[in-house]
Amino acid sequence: MNIGEWKDRLRWAVERVGGFARRQVRRAKLRRRTAPRVGLALGGGFARGLAHIGVIKVLEENQIPVHCLAGTSVGSIIAGAYASGASVEEMSAVARKVRWKDFASWTLSTMGLASNKRMEAFLKRIFRSLRFEDMKRPLAVVTTDLRTGQPVVFTSGELVPAVRASCAYPGLFLPVAYQGAWLTDGGLVAAVPSKAVKDLGADIVIGVSLESINPKIEPQNVMEVLSRSLSIAQRTAEPVWRAHADAVVEPVVNGYGWDEFERADEIIASGEKAMREALPQVMRLLEPRRAGRAVAR
């Protein structure tokens, strides 16, 4: 074989290798484009919010990645912990031990019955990172500006003040003064923060709603009156957040008291059960994109 033939064969081999490399790059780009970003929107509910841990556990068991999260009230605590890198096991262990005294103290004020100032130390213990920019997954925390009535959505800066504000349940906790605003519970404007997580770039939004009204049980104290009143008001706005959710998970938790943290395992299990029931719908949402990736190969 002469030198000319060797050159031709070498040129042919280089072109084949180059063509293969270009095809692989195109396929990788196509896979990245078609892979859906799953967002989780976690609503409020005090102790009932521990059900969110069960939801995340089932998603992990079924290898459904959560790419970004948004939280309101207690949902912001679970979302913040998970986005910062805490595991389901770690969150479950904390849930079994947490009590009212860990994050609140009664106070005398015309603005509320209690302060959640103690929550700062609690959150610093359970969060792996304390700034939004350092989260392992993009995170949004929804609060409400008492002066304007508008939502204030935090996606940057310090995490702890934003979560504390989102958990400042009106009438119970004092509002939180932060960045020139008087902030309170995000549930007033977004019972389930589905739009906030969609704004983070989620292609598929899974909303988790925690119903607190049990028509068979009459309210026994001012806290239960406040909780039920807010839940009734939130129903009016329900079509808004549902419009931004592709799937809604609804753990049955209205049989648990707002402060029954000692029933953590039961509440977490209710979240697992609800997520398993919703799995077929979530898998159908993922399937067209998975099929697209298969064709691309």
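Residues numbered from 1 in each chain as written. Predicted model: local features only at pLDDT ≥ 70, side-chain atom pairs only at ≥ 80, totals over all residues. Heavy atoms only, no water.

**Here we look at the overall build of the protein chain**
Rule in force here: Numbering goes from the N terminus for both helices and strands, where a helix is a DSSP run of H or I of at least four residues and a strand is a run of E of at least two. For each residue, the accessible area found with a 1.4 Å probe, counting protein chains only, is set against the maximum for its type, and the residue is called buried under 20%, exposed over 50%, and partly exposed in between. Accessible areas in this description were obtained via Shrake-Rupley with a 1.4 Å probe; residue shielding takes into account the shown protein chains only.
Looking only at helices and strands, the protein chain has 9 helices and 10 strands in total. Put simply, the protein chain has 297 residues, and 47% of those count as buried. On the protein chain, roughly 15000 Å² of surface is accessible, and the fraction owed to carbon and sulfur atoms is 55%.

**Focus: the nonpolar core**
Note the threshold: We call a set of buried Ala, Val, Leu, Ile, Met, Phe, Trp, Tyr and Cys residues a nonpolar core when their side-chain atoms join them within 4.5 Å. The contact definition used throughout considers only heavy atoms, calling two residues in contact when any of these lie within 4.5 Å.
The biggest cluster of nonpolar side chains holds 74 residues, and the ones touching the most others in it are Leu40, Met91, Leu123, Leu139, Phe173 and Met275. Among the elements that line this core, the one with the most residues is helix H9 (residues 264-296), at 9 residues. Ignoring sequence-local partners within four residues, the contact set of Met91 consists of Ile53, Ile56, Ile78, Ala81, Tyr82 and Ala86. Core analysis: the next-biggest nonpolar cluster, separate from the first, contains 15 residues, Cys68, Ala70, Val192 and Ala196 among them.

**Structural notes on the packing of helix H2 (residues 51-61) against helix H4 (residues 88-97)**
The condition that has to hold: Each axis is a line fitted through C-alpha atoms, taken for helices only over the stretch in contact, and angles between the N-to-C directions span 0 to 180 degrees. Relative orientations are named as follows: roughly parallel for angles under 35 degrees, roughly antiparallel for angles over 145 degrees, roughly perpendicular for angles from 65 to 115 degrees, and oblique for any other angle. Here a crossing is called left-handed whenever its near helix is offset anticlockwise from the far helix by less than a right angle, and right-handed whenever the offset is clockwise. Charged means Asp, Glu, Lys or Arg here, nonpolar means Ala, Val, Leu, Ile, Met, Phe, Trp, Tyr, Cys or Pro, and polar covers whatever is left, Gly included.
Put simply, H2 and H4 touch, their axes get as near as 10 Å, and they point 160 degrees apart. Taken together, the axes of H2 and H4 are roughly antiparallel relative to one another. The two elements H2 and H4 meet at a crossing, and its hand is left-handed. Contact residues: Ile53, Ile56, Lys57 and Glu60 in H2; Val88, Met91, Ser92 and Ala95 in H4. Considered class by class, the residues forming the contact of H2 with H4 number 5 nonpolar, 1 polar and 2 charged.

**Notes on the environment of Ala95**
Structurally, the position occupied by Ala95 is in helix H4. In this structure, Ala95 is in contact with Leu50, Ile53, Phe261, Ala264 and Ile268, ignoring residues within four places of it in sequence.

**Some words on the packing of H2 against helix H3 (residues 74-83)**
The geometry of H2 relative to H3 is characterised by a closest axis approach of 10 Å and an angle of 35 degrees between their N-to-C directions. In this structure, H2 uses His52, Ile53, Ile56 and Glu60 to contact H3, whose residues at the interface are Gly75, Ile78 and Tyr82. Among the residues forming the contact of H2 with H3, the class breakdown is 4 nonpolar, 2 polar and 1 charged.

**Comments concerning the pattern of salt bridges**
Definition in use: When a carboxyl oxygen of Asp or Glu is within 4 Å of a side-chain nitrogen of Lys or Arg, the pair counts as a salt bridge.
The full count for this structure, using the stated rule, is 14 salt bridges. In this structure, Arg276 engages Glu272 in a salt bridge whose closest nitrogen and oxygen atoms are separated by 3.4 Å. Of this pair, Arg276 and Glu272 both sit in helix H9, 4 residues apart, which is roughly one turn of that helix. Given a relative accessible area of 42%, Arg276 falls into the partly exposed group. Assessed through its relative accessible area of 13%, Glu272 is described here as buried. The network of salt bridges with shared partners includes Lys57, Glu61, Glu272 and Arg276.

**Digging into the confidence of the model for the protein chain**
Using the following cut-off: Residue-level confidence of the predictor is what pLDDT reports, using numbers from 0 through 100.
Predicted confidence across the protein chain gives a mean pLDDT of 85, with 78% of residues reaching 70 or more. Predicted confidence is poor over residues 290-297, with pLDDT under 50, and the contacts of this stretch with residues over four places away or in other chains come to 9 contacts.

**Some thoughts on a nonpolar patch on the surface**
Where we set the bar: Patch membership needs two things, relative accessible area over 30% and no salt bridge, and members are linked within 9 Å if like-charged or within 5 Å if nonpolar (Val, Leu, Ile, Met, Phe, Trp, Tyr).
A cluster of nonpolar side chains, namely Met111, Leu146, Trp182, Leu188 and Val189, defines an oily patch on the protein surface of about 420 Å² accessible area. Secondary-structure assignment places Val189 in the loop between strand E8 (181-185) and helix H7 (194-199). For Val189, a relative accessible area of 31% corresponds to the partly exposed category.

**Digging into the packing of aromatic side chains**
What counts, and what does not: Any two of the Phe, Tyr and Trp rings considered here, Trp counted by its six-membered ring, make a pair once their centres fall within 6.5 Å; the pair's planes then place it as stacked at under 30 degrees, edge-to-face at over 60, or tilted in between. Consider the ring centre and the ring normal. A charge sits over the ring if Lys NZ or Arg CZ is within 6 Å of that centre and within 35 degrees of that normal.
What the rule picks out here adds up to 8 aromatic pairs. Where Phe46 meets Trp258, the ring centres are 5.2 Å apart and the plane angle is 75 degrees; that geometry is what we call edge-to-face. One end of the pair, Phe46, is in the loop between strand E1 (38-42) and H2; the other, Trp258, is in the loop between strand E10 (247-249) and H9, with 212 residues separating them in the sequence. This pair shows no difference in class: Phe46 is buried, exactly as Trp258 is. Judged by centre distance (5.7 Å) and plane angle (85 degrees), the rings of Trp100 and Trp258 are edge-to-face. Of this pair, Trp100 sits in the loop between H4 and strand E3 (105-109) while Trp258 sits in the loop between E10 and H9; the two residues are 158 residues apart in sequence, bridging distant segments of the chain. A residue is classified by how much of its surface remains accessible, and Trp100, at 17% relative accessible area, is buried. Aromatic ring contacts, followed pair by pair, group Phe46, Trp100, Phe103, Trp106, Tyr169, Phe173, Trp258 and Phe261 into a single cluster. The residue whose ring lies beneath Arg137 is Tyr82, and the NZ or CZ to ring-centre distance is 4.2 Å.

**Notes on the pairing of E8**
Each regular strand displays side chains that alternate between the two surfaces of the sheet. Inclusion rule: If DSSP finds at least two bridges between two strands, the strands pair.
Among the 5 residues of E8, 4 are classified as buried, and the element is accordingly described as predominantly covered. Bridge count for strand E5 (residues 139-145) against E8 is 3 bridges, and the pairing is antiparallel. Along E8, the bridge assignment pairs Thr143 with Asp185. Note that strand E7 (residues 176-178) and E8 share 3 bridges and pair antiparallel. In the strand pairing of E8, Tyr178 is matched with Ala181. Remark: 2 residues form the turn of the hairpin made by E7 and E8, two consecutive strands paired antiparallel; Gln179 in that turn has positive phi of roughly 50 degrees.

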